[in-house]
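# Chains, contacts and geometry: an overview
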Amino acid sequence: MSQHLTASLARPAVEVHKFGGSSLASAERYLAVARLLKQQQGQPWVVVSAPGDTTDSLLALIAGFERGDAVAPLLAHLSEQLQQLILAALSIQAATPVIAALSNWLEQVPKWLATGQNNEVLAIGELLSATLLAALLTEQGQKAVAIDARDFLTFNGTNPDWQCSSSLLADLTAASQPSALIYVVTGYIGRNQHGASITLGRNGSDYSATLLAALLAADKVSIWTDVKAIYSADPRKCASAKPYRKVNVQQARQLAALGNPVLHARTLAPLAGSSTSLEVRSALQPGHQGCEVVANAPAKAFLTSLAPVRLVSLTRSQAVNADTLAEQLQNPVVVLPQHYDGSDDNNERWLIPSSVWPEAATLLQQQGSHPLADTFDYYALVWLKASGKQQVSPVLSQLLQKLEVQNLYENDQLAVWLFKRELTVTELNQVHQHCMATQPTLQVLVAGTGNVGTEFLQMLPEQIETLGAKISVQLAGVFNSRQALLGEELNPAQWQSELAAADSYSEPELLAYIGQLPEPKVLVDITPSLQFARQYPDFIAAGCHIISANKQGVTLPLTEFDAIRAELHRNQLSWRSNTTVGAGIPVQQVVQSLLQSGDKIKRISGVFSGTLSWLLCKFDGSQPFSNLLAEAAALGFTEPDPRDDLSGIDVQRKLLVLARELGLSMELEHISLQPLMPEALAAGSWPEAWQQRELLDRMLANARDEANAAGKLLRYAASLTLTDHGPEAEVKLLHVAADEPLAALAPCDNIFVIESQWYCENPLVLKGPGAGKHVTAGGIHADLAQLCQQLILTGASH
């Protein structure tokens, strides 16, 4: 496309906004569009359709003339209707020249009709729309100019004349000051190589917008319509139609070729090979995100109706180009896939709208083809598949037979079904339900971009691929305390650079974005923040499952903890926190599995801190304990303030998590705690405490001497014992014998010893690295995989 573009016209931040007739159906809608345009950044260009159903009225006028009806009453009615629109939108002073222009166009209608210049008549709607909107913007203090697209947009046959169009557009805008102007351009119309007016077909203003965007090398095209996205089906007929936020280019082209009302058949062609983005947005809900057409979005499922159509057969040797015929007819021509039963009679089968079949037959015959067409009309349903693995299920097949399907055609991309009657809304919804019965899509939101968060995101693409056969996992947000990268189907490989360029955000903005995401969705909390954990109810209200690597949430005061669990239950959502105790060691999963199997857990004990495990495994008396502590800090094993490790509070929290997994209503203060440091070190800053490290060294040396004297080892351990009198929980320094499970420990390892009714004399032992970004991120991914499995099994949005 680059050869078509004129460098002198390319400007930074140029955007093209197209508004269809439904967005301009009343004075109120024109005022809303004017407000929206004044909010745009950079230099907006605008392409407009005719107001409301004006084009239908003009087509009815042409048809009436061809039947021999009197056109004067129809013209008078149309004139009155459009003048009312103008007067409702503008002051008398501003309306006067617009009404004069309208009257001039309408006065010429009889002459145009008599001389066969029907396209001049059809242009009136767009001319009025551009003139009215430009006048409205100017009256509101935003200078605007209406441009008749026929003054620059020229075609050779059905193809744009890029060089001529670019030159004419440059001449039109050369004398103006672009930064001070909004250009309002007529959609739907242009001129051919002979200078005659032409129209671009139904919804042709979309095509006008992308042609203009290509000429301007625009950054973006926004198609403003009456729907908020591209849907899986017509939302006016299918109540369960799903709005898509991103659609890939290939499927968008297929939809356009099928006559989808949101996109004109040729809309995407001018943007091929360019960097111009295209999105569909709702003029009725301008705050909504809309739907972006992108190159790499996963394929989606769509169901499109075609009615009525003729089934046409052509021998392959005679077949002409269907795209060319569609351009000539300004209507979709669908080439059917191979017949469902696999037969191939060397014929190519097309679906052509019945309304243009006589014209199509003539054009085909002129091109040397001899089409054979059924003499009756079909109503067609076209299913664009989300993947080649989707096939017509037995249940859907039974439904289609019940609906008296006549012909079935299918390949890996689409299936086409023909009926002799139009399906009812109920029947259409039933078919749609089965076609959309595909794998669910889970929206993932990641809070926290530290070491573990970064590693989790590094692993995410492989996880998406692994799970992709059964569920689609999409990254929909990454945020930290400073910035937020929000948008469906984010690229996990690019999150760091995109987050660095992202804006700051407010909590209401974040929750509003999450609230409008389709379900299911999950918040992955990889922060250490207590404040953030206390916001879980807000995320649950927005429809999120919770995966938490943040111990603050699962150790909140019991009233808050129980309230969160109650909200999750009420909303049929889940909370997974398997990395809050053993990082990648699945201790909580094992506990839950035992309980669900009917076992009764009597005691859980172990070493829950990788940092303290390393220190005590390394402490052999050959050097002061503080030397090992300094080495651990240098290796990144400790918290910035090592007292956060030595205090034992982290271990205390982990034991509380396990107590609550067992269904115990415990608080942190119910767990006895003996810190691994003298009380004197708790006061002041860490540098001040470090000056008293001899106290720490003396304490640990004495403990080691006592353990050695008894032939035992030092371990900082936690234990929870269920007795007849209630739970007993403690965290303290122990002397353990060499043959005890807690003794067989490598530096940095955690160990969990579970004693139960089934595992009594020989306890169940789980052991492995209890810290580190790799194992923790892997544990979070294990939680994510389990949530995906739950969603697959339930088949529900939650």
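Given the structure is predicted, the values throughout are model-derived calculations rather than measurements. (Residues numbered from 1 in each chain as written. Predicted model: local features only at pLDDT ≥ 70, side-chain atom pairs only at ≥ 80, totals over all residues. Heavy atoms only, no water.)

### So, unusual backbone geometry
For the peptide bond that leads from E519 to P520, omega is 0°, which places it in the cis range. Summarising the element assignment, P520 is placed in the loop between α17 (507-516) and β25 (521-525). The backbone of E404 shows a phi angle near 60°, a positive value even though the residue is not glycine. Of note, E404 is situated in the loop between α13 (394-402) and β20 (407-410). Look at E404 and you get exposed, because its relative accessible area is 54%. Phi is positive for A583, close to 55°, though the residue is something other than glycine. Considering the arrangement of structural elements, one finds A583 in the loop between α22 (579-582) and α23 (587-597). (Helix = DSSP H or I, 4+ residues; strand = E, 2+ residues; numbered from the N terminus. Buried < 20%, exposed > 50% of the residue type's maximum accessible area, 1.4 Å probe, protein only.)

### Quick look at the environment of C164
Mapped onto the fold, C164 is located in helix α8 (residues 162-173). With a relative accessible area of 30%, C164 lands in the partly exposed category. Not counting residues within four places of it along the chain, the set of residues in contact with C164 comprises F152 and T154. (Contact = heavy atoms within 4.5 Å.)

### Regarding the confidence of the model for the protein chain
Of all residues in the protein chain, 95% have pLDDT values of 70 or greater, and the mean over the chain is 89. Note on residues 1-11: pLDDT under 50 across the span, and 28 contacts to partners over four residues away in sequence or across chains. (pLDDT = per-residue confidence, 0-100.)

### Overview of the sheet that holds strand β28 (residues 601-607)
With mixed pairing, 6 strands are arranged side by side in an open sheet as β29-β31-β30-β28-β32-β33. In the strand order of this sheet, the two ends are held by β29 (672-673) and β33 (764-769), each with one partner. Relative to the sheet, helix α27 (residues 649-661) contacts β28, β29, β30 (712-723), β31 (726-737) and β32 (749-756), its axis offset from that of β30 by approximately 30°. (Pairing = 2+ DSSP bridges. Axes fitted to C-alpha atoms, helices over the stretch in contact; angles between N-to-C directions.)

### Some remarks on the pattern of salt bridges
If you walk through the whole model with that rule in mind, you get 20 salt bridges. For E120, the salt bridge is made with R150, and the minimal N-O distance between the two is 3.0 Å. Here the residue E120 occupies a position in helix α6 (residues 118-122), and R150 occupies one in the loop between β3 (144-147) and β4 (154-156), the gap between them amounting to 30 residues. Looking at E120, the relative accessible area reads 15%, which means it is buried. A cluster of three or more residues bridged by salt bridges with shared partners is formed by E120, D148 and R150. (Salt bridge = Lys/Arg side-chain N within 4 Å of Asp/Glu carboxyl O.)

### Considerations on the packing of helix α4 (residues 92-107) against helix α7 (residues 124-139)
Packed helices, taken two at a time, are described by the angle their axes make and the gap between the axes. Where α4 meets α7, the axes come as close as 10 Å, and the angle between the chain directions of the two elements is 170°. Classed by the angle they form, the pair α4 and α7 counts as roughly antiparallel. Here A94, V98, L102, W105 and L106 of α4 come into contact with α7, specifically with I124, L127, L128, T131, L132, A135 and E139. In terms of residue class, the contact of α4 with α7 is built from 10 nonpolar, 1 polar and 1 charged. (Parallel < 35°, antiparallel > 145°, perpendicular 65-115°, else oblique. Nonpolar A, V, L, I, M, F, W, Y, C, P; charged D, E, K, R; others polar.)

### Remarks on the pairing of β20
Neither face of β20 is open: one carries N407 and Y409, the other L408 and E410, and all of them are buried. Strand direction decides the pairing type here: β20 and strand β21 (residues 414-419), joined by 4 bridges, are antiparallel. Bridge assignment links N407 to a residue of β21, and that residue is L418. Connecting the antiparallel pair β20 and β21 is a turn made up of 3 residues.

### Focus: the sheet that holds strand β9 (residues 220-225)
With mixed pairing, the 8 strands of this open sheet are ordered in space as β3-β6-β2-β1-β9-β13-β14-β12. Both outer strands of the open sheet, β3 and β12 (246-248), are each paired with one neighbouring strand and no more. Strand-to-strand twist across the sheet, computed as the mean angle between neighbouring axes with direction ignored, equals 20°. Both strand β1 (residues 14-19) and strand β2 (residues 43-48) contribute to a ladder of 6 bridges, which runs parallel. Its bridge partner lying in β2, F19 is registered against V48.

### Description of helix α15 (residues 451-467)
If you check α15, its first and last C-alpha atoms are 24 Å apart, about what 17 residues at 1.5 Å a residue would give, namely 24 Å. By the largest-angle criterion, L460 marks the main kink of α15, which is about 40°, and a proline, P461, follows within four residues. For α15, the full list of buried residues reads G453, E455, F456, L457, L460, Q463 and L467. If you follow the buried residues of α15, they end up packed against β22 (441-447), β23 (472-479), α16 (495-500), β25 and α30 (773-794). (Expected span 1.5 Å × (residues − 1). Bend = angle between axes of the 7 residues up to and from the residue.)

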